[in-house]
Amino acid sequence: MQVFKEKRPLIDRIEKAKSDDLILGLVPTMGALHEGHISLIQTALQQSDQVVVTIFVNPTQFDNPEDLDKYPRTLENDLLLISALKKDIWVFTPSPQELYGENIFSEHFEFQGLEKVMEGKFRSGHFDGVGTVVKRIFDIVNPDRAFFGEKDYQQLQIIRKLTEITASPVEIIGCPILREQSGLARSSRNERLTSAQRNEAAFIYKTLKDVKNLFGTKSAKYISKWVEREFKNKKNLKLEYFEIANENSLEKLVVQSKNEKYRAFIAAYADDIRLIDNIAL
Ligand code: PAF
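Residues numbered from 1 in each chain as written. Predicted model: local features only at pLDDT ≥ 70, side-chain atom pairs only at ≥ 80, totals over all residues. Heavy atoms only, no water.

Caption draft 1: Geometry of the overall build of the protein. Each helix and strand in the protein was counted, giving ten helices and nine strands. Computed over its C-alpha atoms, the radius of gyration of the protein comes to 19 Å, within 12% of the 19 Å expected for a compact globule of 281 residues. C-alpha extents for the protein along the principal axes are approximately 55 × 40 × 35 Å. Within the protein, the proportion of its 281 residues that are buried is 52%. Long-range pairs, those at least 24 residues apart, make up 72% of the contacts in the protein with a sequence separation of at least 6. A total accessible area of about 13,900 Å² is found for the protein, and carbon and sulfur atoms account for 47% of it. Here the protein holds 40 positive side-chain charges and 41 negative ones, and the gap between their average locations is 7 Å. (Helix = DSSP H or I, 4+ residues; strand = E, 2+ residues; numbered from the N terminus. Rg over C-alpha atoms; globule rule 2.2 N^0.38 Å. Buried < 20%, exposed > 50% of the residue type's maximum accessible area, 1.4 Å probe, protein only. Contact = heavy atoms within 4.5 Å. Areas by Shrake-Rupley, 256 points an atom, 1.4 Å probe, with all protein chains shown as cover. Lys, Arg positive; Asp, Glu negative; His and termini not counted. Charge placed at Lys NZ, Arg CZ, Asp CG, Glu CD.)

Caption draft 2: Inspection of the pattern of salt bridges at higher detail. Counted according to the given criterion, the structure contains 24 salt bridges. The closest approach of N and O atoms between R8 and E15, which form a salt bridge, is 4.0 Å. Residue R8 is classed as partly exposed on the basis of its relative accessible area of 47%. Here K116 makes a salt bridge to E115, at a shortest N to O gap of 3.7 Å. Connected via shared salt-bridge partners are E66, K70, R192 and D272. (Salt bridge = Lys/Arg side-chain N within 4 Å of Asp/Glu carboxyl O.)

Caption draft 3: Quick look at unusual backbone geometry. Even without a glycine there, the phi angle at D21 is positive, about 65°. Residue position: D21 is located in the loop between α1 (7–19) and β2 (24–29). You will see that M118, though not glycine, has its phi angle at about 40°, which is positive. Relative to the helices and strands, M118 resides in the loop between α5 (96–100) and α6 (119–122). You can call M118 buried: its relative accessible area is 1%.

Caption draft 4: Representation of the site of the ligand in the model. The environment of the ligand is made up of P28, T29, M30, N58, Q61, V133, F148 and Q155. Within the side chain of Q61, an N or O atom sits 2.6 Å from an oxygen atom of the ligand. One nitrogen or oxygen atom from the side chain of Q155 is found 2.7 Å from an oxygen atom belonging to the ligand. Protein contact buries 88% of the 290 Å² of open area that the ligand shows by itself. Across the shell around the ligand, the residue classes tally to four nonpolar, four polar and no charged. (Near = heavy atom within 4 Å. Polar contact = N/O pair within 3.5 Å; in protein donor to acceptor, adjacent residues only side chain to side chain. Nonpolar A, V, L, I, M, F, W, Y, C, P; charged D, E, K, R; others polar.)

Caption draft 5: Region of the structure containing the UniProt feature "active site" (unreviewed entry) in the protein. Under the present numbering, the feature "active site" (unreviewed entry) in UniProt falls on H37. Within the secondary structure layout, H37 lies in helix α2 (residues 35–47). Judged by relative accessible area, which is 12%, H37 ranks as buried. The residues touching H37, leaving out its near neighbours within four places in the chain, are T29, G31, A32 and S188. (UniProt positions renumbered as here; feature names shortened; annotations may be inferred.)

Caption draft 6: How the structure looks around the sheet that holds strand β7 (residues 238–246). In spatial order, the strands read β7-β8-β9; together these three strands make up an open sheet with antiparallel pairing. In this open sheet, the two strands that pair with only one neighbour each are β7 and β9 (273–280). Taken pair by pair, the neighbouring strands of this sheet meet at an average axis angle of 15°, ignoring direction. Helix α9 (residues 195–214) contacts β7, β8 (262–270) and β9 of the sheet and is inclined by roughly 25° relative to β9. Taken strand by strand, helix α10 (residues 220–232) contacts β7 and β8, and its axis lies near 160° from that of β7. (Pairing = 2+ DSSP bridges. Axes fitted to C-alpha atoms, helices over the stretch in contact; angles between N-to-C directions.)

Structure representation (structure tokens):
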């Protein structure tokens, strides 16, 4: 493992690797690594000759400064987890100035409506921030492939759209959600849950599995009402949204088509900790 805080030496290494025709895989992260990230890195290792992992808590994708402050920062432990893989992984951990220069702000993107639904309704400017940082990281690393988890499924679709609108040649690879034994989707935010909250949060995935069973036998409207009622019975979990949407366009399901694929999405709060999850239906 080699750690780069500055982009120039990393770019030099990458240019050398590219001139040797190595396939470069990128795993962008905000740190606080868990098994979900490690599984992304392992997939990247299998599908690339050289892997770059970025660790950068991106200020422009937080609509709430408190959320940015509270975001776990565990660089020392992150590096231990990566070095335990015993591979020559290049880790890029820039400062905000190194990545953005002196003016830290987001570009505005039109993601053809993908940014307006679900997370986009509740986290103003979030996807502009994600698009901005991912574009900057792609420009520095110039990867052949980039690996993203399906837990942030809307983000994954947006990054696919980003490569389309910026005519970027990077191949975007979506990787399955890793779950705790209880079914709770692995997330850096889980570290902030108490053990009681962690147990309760498993209800999110349980509900998604129930939705999968109901799907096809009941209408989307019926299922949405049912999910809302289920959450009302949970004292310590607050549903922010439930949606069944087209897997590609993320448009809310109104009339089901046999030729389309759908996913169900949930965002919920355990106290002030926001959790998201989704399931293919
Ligand atoms: O999914 C994340 O961790 C972040 O949104 C990403 C893609 C690394 C951009 O900051």
